[in-house]
Amino acid sequence: QVTGTVVDTATQKPLHAFTVTEGRKNTYNNQINWLFTREGAQSSGTFTIYLSRRPQSPPAISVGADGYVPIKSALITIGETNLVLRSKKARDRQA
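How each quantity is defined
All residue numbers refer to positions counted from 1 along the written sequence of the respective chain. Per-residue local features of the predicted model are confined to residues with pLDDT of at least 70, and side-chain atom pairs are confined, for both listing and counting, to 80 or more; whole-chain, interface and lining totals are unaffected and use all residues. The basis for the side-chain values is all heavy atoms of the structure; hydrogens and waters are excluded. The criterion for strand pairing is that DSSP finds at least two bridges linking the strands in question. Each helix is a run of H or I in the DSSP string that is no shorter than four residues. Each strand is a run of E no shorter than two, and both are numbered from the N terminus. Basic side-chain nitrogens of Lys or Arg form a salt bridge, by our definition, when they fall within 4 Å of a carboxyl oxygen of Asp or Glu. Burial status follows relative accessibility: with a 1.4 Å probe on protein chains alone, a residue under 20% of its type maximum counts as buried, one over 50% as exposed, and anything between as partly exposed. We call two residues in contact whenever any of their non-hydrogen atoms come within 4.5 Å of each other.

Some points on the pairing of strand β2 (residues 17-25)
Alignment of β2 against strand β3 (residues 32-43), held across 8 bridges, turns out to be antiparallel. The partner of Thr19 across the bridge, within β3, is Ala41. Between β2 and β3, which follow one another and run antiparallel, lie 6 residues, and Asn30 among them has a positive phi close to 60 degrees.

Here's the deal with the pattern of salt bridges
A complete count under the given rule lists 2 salt bridges for this structure. In this structure, Glu22 engages Arg24 in a salt bridge whose closest nitrogen and oxygen atoms are separated by 2.9 Å. We note that Glu22, like Arg24, is buried. Close ionic contact of Glu22 with Arg38 constitutes a salt bridge, the shortest N to O distance being 2.8 Å. In this pair, Glu22 sits in strand β2 while Arg38 sits in strand β3, placing the two residues 16 residues apart along the sequence. A relative accessible area of 0% means that Glu22 is categorised as buried. Overlapping salt bridges bring together Glu22, Arg24 and Arg38 as one network.

Notes on unusual backbone geometry
If you check the backbone angles, Gln12 has positive phi at about 65 degrees while not being a glycine. In this fold, Gln12 is placed in the loop between β1 (2-8) and β2. Residues other than glycine seldom take positive phi values, yet Asn30 does so here, at roughly 60 degrees. Structurally, Asn30 is set in the loop between β2 and β3.

Comments concerning the environment of Lys72
Relative to the elements of secondary structure, Lys72 occurs in strand β6 (residues 71-72). For Lys72, a relative accessible area of 53% corresponds to the exposed category. Filtering out sequence-adjacent residues up to four positions away, Lys72 remains in contact with Trp34, Ile61 and Ser62.

Some thoughts on the environment of Ile71
Within the secondary structure, Ile71 is located in strand β6. Taking the relative accessible area as the measure of exposure, Ile71 reaches 11% and is therefore buried. Sequence separation between Ile71 and Val20 is 51 residues; the distance between their C-alpha atoms is 9.5 Å. Excluding anything up to four places from it in sequence, Ile71 contacts Val6, Ile61, Ser62, Val63, Leu85, Arg86 and Ser87.

Set out below in structure tokens:
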């Protein structure tokens, strides 16, 4: 289980709605494989994610929110909790 908060980088206020996705380090190429079947909706700036049991590969998490740049955590150590993730607002694209 990993818990934490997600805040706006500029205001330090919690994001109201976002998704959290579990990922696992691929032992062959050291990239993160994102497990979209393990994606869950979260709210009020806080999250709790229950990680799948795969002790051979370290986990990471990805956070996405409308209007914000996606966040990807570093690899998470066993027992690590109370993460604070900061997301920047995405800039509007002009044609």
